[in-house]
Amino acid sequence: MPPIDLTGKAAVVTGSGRGLGLAHAHALAAHGASVVVNDIDEAVAEQAVKSITEAGGTAVAEVVPVGTAEAADRLVRRAVEEFGRLDVLVTNAGILRDKVLWKMTDDDFDAVLTTHLRGTFTCARAAAVRMREQGEGGTLVLVGSPAGQRGNFGQTNYAAAKAGIAAMARTWSMELARANITVNAMVPVAATAMTETIPAFAPYVEALKNGEALPAFLRRGEGFGTPEDCAALVPFLASEAARDVTGQCIGIGGDKVALWSHPQEIRAAYSDGGWTPHALADAWPTSVGAEPQTVGIPAPKIPGA
């Protein structure tokens, strides 16, 4: 397999001033792509650009909150103005407003859906228009989450948005196939500002900040690592080596990469002439409902805990 070479390609990475997004931007630049860094904080965005250019890469900053069509158009236009084209979009921007259902406000719900779901939609639409005009294919990498695959307590808004992102990746992979544009959702698990709030992970994230390595039971058993571990997936998906990879939800973290299954029927039962409520109650325990599916992200297995 030849080396991953993205020389001559241009990318937009939303929410790339820090954390996972910054790692994605660095990984793309390290493999030759020119990158539009996006953040809502100008100082953070400019520092990210500086870190990329000092490492030998090419990057510019575009400071705008994603969500609106206008913001998406600005990001695509900046890539075209600076680099002449757009080949890769990574929709990483996100926020959290965690609350249980009965305490979540309309604003809590709308803010998260606007950034994650609508932001992914508007940016992907603008990118797809440009990539189709160029006629040379392209890559959309949509950032999902285990919460979108399994649900997560206190994250109605976030889980719904990430589940929608997985569905959009599958849908757009079909719609954009003839244009040779691949669309995949990545499901990262990494030590970030979001995961350090999880009590089981907190001491290990703190140790990582102090220069200590994550233990093997986290890197392999939980697939939990650094943002840089996750970022390896992005240049791969943007490369010619992944031209046949599309419509997938791909988990990555630590030493682990995995393919998430698409939802599918796992058990079925039949009743001649259709079902009545009584017939369903009678048949459920021994047929369709015999092995109900679990919900939520499994708790990490911490030795000695």
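The structure we're discussing is the one just above.
Residues numbered from 1 in each chain as written. Predicted model: local features only at pLDDT ≥ 70, side-chain atom pairs only at ≥ 80, totals over all residues. Heavy atoms only, no water.

### Let's talk about the overall build of the chain
Thinking step 1. The number of helices and strands found in the chain is 11 helices and 8 strands.
Thinking step 2. In summary, the chain has a C-alpha radius of gyration of 21 Å against a globular reference of 19 Å for 305 residues, a match within 12%.
Thinking step 3. Expressed as lengths along the three principal axes of its C-alpha atoms, the size of the chain is roughly 65 × 50 × 45 Å.
Thinking step 4. Residues classed as buried in the chain amount to 47% of the 305 residues present.
Thinking step 5. For the chain, restricting intrachain contacts to residue pairs at least 6 apart in sequence, the fraction spanning at least 24 positions comes to 68%.
Thinking step 6. With an accessible surface of roughly 15,600 Å², the chain has 54% of that area assigned to carbon and sulfur atoms.
Thinking step 7. Separation between the mean location of the 25 positive side-chain charges and that of the 33 negative ones in the chain comes to 1 Å. (Helix = DSSP H or I, 4+ residues; strand = E, 2+ residues; numbered from the N terminus. Rg over C-alpha atoms; globule rule 2.2 N^0.38 Å. Buried < 20%, exposed > 50% of the residue type's maximum accessible area, 1.4 Å probe, protein only. Contact = heavy atoms within 4.5 Å. Areas by Shrake-Rupley, 256 points an atom, 1.4 Å probe, with all protein chains shown as cover. Lys, Arg positive; Asp, Glu negative; His and termini not counted. Charge placed at Lys NZ, Arg CZ, Asp CG, Glu CD.)

### Topic: the packing of helix H1 (residues 19-30) against helix H2 (residues 42-54)
Thinking step 1. At their nearest, the axes of H1 and H2 sit 10 Å apart, and the two run at 30° to each other. Here H2 runs roughly parallel to H1, going by the angle between their axes. As for the relative orientation of H1 and H2, their crossing is right-handed in sense. Of the residues in H2, those in contact with Leu22, Ala25, His26 and Ala29 of H1 are Ala48, Ser51 and Ile52.
Thinking step 2. The class makeup of the residues in the contact of H1 with H2 is 5 nonpolar, 2 polar and no charged. (Axes fitted to C-alpha atoms, helices over the stretch in contact; angles between N-to-C directions. Parallel < 35°, antiparallel > 145°, perpendicular 65-115°, else oblique. Left-handed = near helix turned anticlockwise from the far one by under 90°. Nonpolar A, V, L, I, M, F, W, Y, C, P; charged D, E, K, R; others polar.)

### Some points on the environment of Gly67
Thinking step 1. Inspection of the secondary structure assignment puts Gly67 in the loop between strand S3 (58-63) and helix H3 (69-83).
Thinking step 2. Judged by its relative accessible area of 3%, Gly67 falls in the buried class.
Thinking step 3. Note: C-alpha distance between Gly67 and Leu142 (75 residues apart in sequence) is 14 Å.
Thinking step 4. What Gly67 contacts, discounting residues up to four positions off in sequence, is Thr114, Arg118, Gly119 and Thr122.

### Focus: the packing of H3 against helix H4 (residues 106-134)
Thinking step 1. Between H3 and H4, the shortest axis-to-axis distance is 8 Å and the interhelical angle comes to 40°. As the angle between them shows, H3 and H4 are arranged oblique. The two elements H3 and H4 meet at a crossing, and its hand is right-handed. Touching Ala69, Ala72, Asp73, Leu75, Val76 and Val80 of H3 are Thr122, Cys123, Arg125, Ala126, Ala127 and Arg130, all from H4.

### Some remarks on H1
Thinking step 1. Compared with the 16 Å implied by 1.5 Å per residue over 12 residues, the 17 Å span of H1 between its first and last C-alpha is a close match.
Thinking step 2. Counting buried residues along H1, 9 of its 12 residues qualify, which places the element largely inside the surrounding structure.
Thinking step 3. Those residues of H1 that sit buried are Leu20, Gly21, Leu22, Ala23, His24, Ala25, Ala27, Leu28 and Ala29.
Thinking step 4. One or two steps after H1, the chain reaches Gly32, where phi turns positive at roughly 105°. (Expected span 1.5 Å × (residues − 1).)

### What to know about the side chain of Gln134
Thinking step 1. With respect to the helices, strands and loops of the structure, Gln134 is situated in helix H4.
Thinking step 2. A distance of 2.8 Å separates a polar atom in the side chain of Gln134 from the backbone nitrogen of Leu86. (Polar contact = N/O pair within 3.5 Å; in protein donor to acceptor, adjacent residues only side chain to side chain.)

### Focus on the sheet that holds strand S4 (residues 88-91)
Thinking step 1. In space, the 8 strands of this open sheet follow the order S3-S2-S1-S4-S5-S6-S7-S8, with mixed pairing throughout. Each edge of the open sheet is held by one strand with a lone partner, namely S3 and strand S8 (256-259). Strand-to-strand twist of the sheet, defined as the mean angle between neighbouring strand axes without regard to direction, takes the value 20°.
Thinking step 2. In this fold H3 packs onto strand S1 (10-13), strand S2 (34-39) and S3, with an angle of close to 145° to the strand it touches most, S3. (Pairing = 2+ DSSP bridges.)

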